[in-house]
Amino acid sequence: MYTQGLDSLGKEALHNSKADTATLEARFQATVDADEKIEPKDWMPDAYRQTLIRQISQHAHSEIVGMLPEGNWITRAPSLKRKAVLIAKVQDEGGHGMYLYSAAETLGVSRDQLQQQLLSGAAKYSSIFNYPTPTWADVGAIGWLVDGAAIMNQIPICRCSFGPYARAMVRVCREESFHQRQGFEIMMMLAQGTPEQQRMAQDALNRWWWPSLMMFGPSDGQSRHTAQSMKWKIKRFTNDELRQKFVDTTVPQAEYLGLKMPDPDLKWDPQSGHYNFGVIDWSEFQAVLKGNGPCNRERLEARRKAHDDGAWVREAAMAHAEKQRARQTQAA
Ligand code: FAQ
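Residues numbered from 1 in each chain as written. Predicted model: local features only at pLDDT ≥ 70, side-chain atom pairs only at ≥ 80, totals over all residues. Heavy atoms only, no water.

J.: Describe the pattern of salt bridges, with residues and values.
T.: As enumerated under the stated definition, the model contains 15 salt bridges in all. Across the pair R236 and D35 runs a salt bridge whose closest N-O atoms are separated by 3.1 Å. Linking R236 in the loop between α10 (226–231) and α11 (239–257) with D35 in the loop between α2 (21–33) and α3 (46–65), this pair joins segments that are 201 residues apart in sequence. Here R207 and D203 are joined by a salt bridge, their closest N and O atoms 3.1 Å apart. Remark: D203 and R207 occur in helix α9 (residues 195–214); sequence separation between them is 4 residues, near one turn of the helix. D203 gets classed as partly exposed once you look at its relative accessible area, which sits at 33%. Overlapping salt bridges, with partners in common, bring together E70, K89, E93 and D147 in one network. (Salt bridge = Lys/Arg side-chain N within 4 Å of Asp/Glu carboxyl O. Helix = DSSP H or I, 4+ residues; strand = E, 2+ residues; numbered from the N terminus. Buried < 20%, exposed > 50% of the residue type's maximum accessible area, 1.4 Å probe, protein only.)

J.: Describe in detail the site of the ligand, supporting the description with residues and values.
T.: Near the ligand you find 35 residues, and of these Q58, K124, S223, H225 and K235 are the closest. Within the backbone of M214, a nitrogen or oxygen atom sits 3.3 Å from a nitrogen atom of the ligand. At 2.8 Å, a side-chain N or O of S223 approaches an oxygen atom of the ligand. For the ligand, the accessible surface in isolation is 1100 Å², of which the surrounding protein chains cover 93%. Here the ligand occupies the largest pocket. Elements supplying a minimum of two residues to the shell around the ligand: α3, α5 (80–105), α7 (136–154), α8 (163–191) and α12 (282–292). (Near = heavy atom within 4 Å. Polar contact = N/O pair within 3.5 Å; in protein donor to acceptor, adjacent residues only side chain to side chain. Areas by Shrake-Rupley, 256 points an atom, 1.4 Å probe, with all protein chains shown as cover. 1 Å grid on protein atoms, 1.4 Å probe; cavity = no way out; pocket = protein on both sides within 12 Å on 5 of 7 lines; lining within 4 Å. Sits in = over half its atoms within 2 Å of the grid points.)

This is the structure in structure tokens:
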């Protein structure tokens, strides 16, 4: 059920000087607390709007930059079938970026502005996409671990308080679960293959495991946005809660594959019913966020080149739209 009540209060408030911000905020929070959706035309606190623009645009940028590490393998996929599946997967990620930019646009920011923030290096995108993909096993590890972590994070966003973001996530999560399965299947083939293929699978797991844990963001004590985002039901779980769920789900999968997690401190704790795991190297995470990961420069250069190479398409589309407009004006 949506928030017609809040919407009408928002419109009324524009004309009624007596309706003060405190009343609007109380009504807004009551709507969120009642698990009703906030829609783009509803009144919302500016900080809520800014938090959503920040998170949704970072998420969109992640999907778009996230096409690059795997896109690198499309020309070298080991069979026609693998190539077709990988093209479809990478294309899906591009589609996710488009839904997310559209959801961000409903909050009053333009796609051009968001693009400029990405290309200038001002915007963040997920740390995970600054790591290289030197072997085919990396494509398997990304599907299994990176898409696996993305699903763990995104399923709760299907219940996010902001309607357009929540609805976009429903389809995204369905597609991500196909991606996760294709990655796991690649890992299974390699893990059951020749000793060299098994080594490739283990090496990819060694390199992607810790960066995958970092995808969930800083630990709760260091996360500056979590408390407020939980109150607004943009986030439903903390970073550490989701990271723990991911570890608990993924460790048995590694055991099934016969691969060893690269963490000597990883241990099942029967008392808590969870796996304890080692300390994350947060200095590596901070270095990647500051632009000093293994591939940060390469990723932004690729995006800038794609943007420049696409200039003629944008110009042609604008010229076509202008021609259509002129024809319609003439006909009227
Ligand atoms: N990388 O206070 P918090 C995918 C930043 S999609 C870079 O905890 P928040 C699909 C954070 O933005 C992957 N920056 O922040 C795919 C904030 O910076 P700011 C992307 C990070 O927002 C698969 C600061 O640190 N998914 O993989 C990272 O409450 C395969 C403080 O952090 C999403 O974006 C990081 N890992 O929680 C595609 C999901 N972590 O803005 C291709 C939606 C944190 O203050 C191939 N986003 N930061 O300067 C979220 O759930 C949240 O934004 C978190 C961070 C959980 C990422």
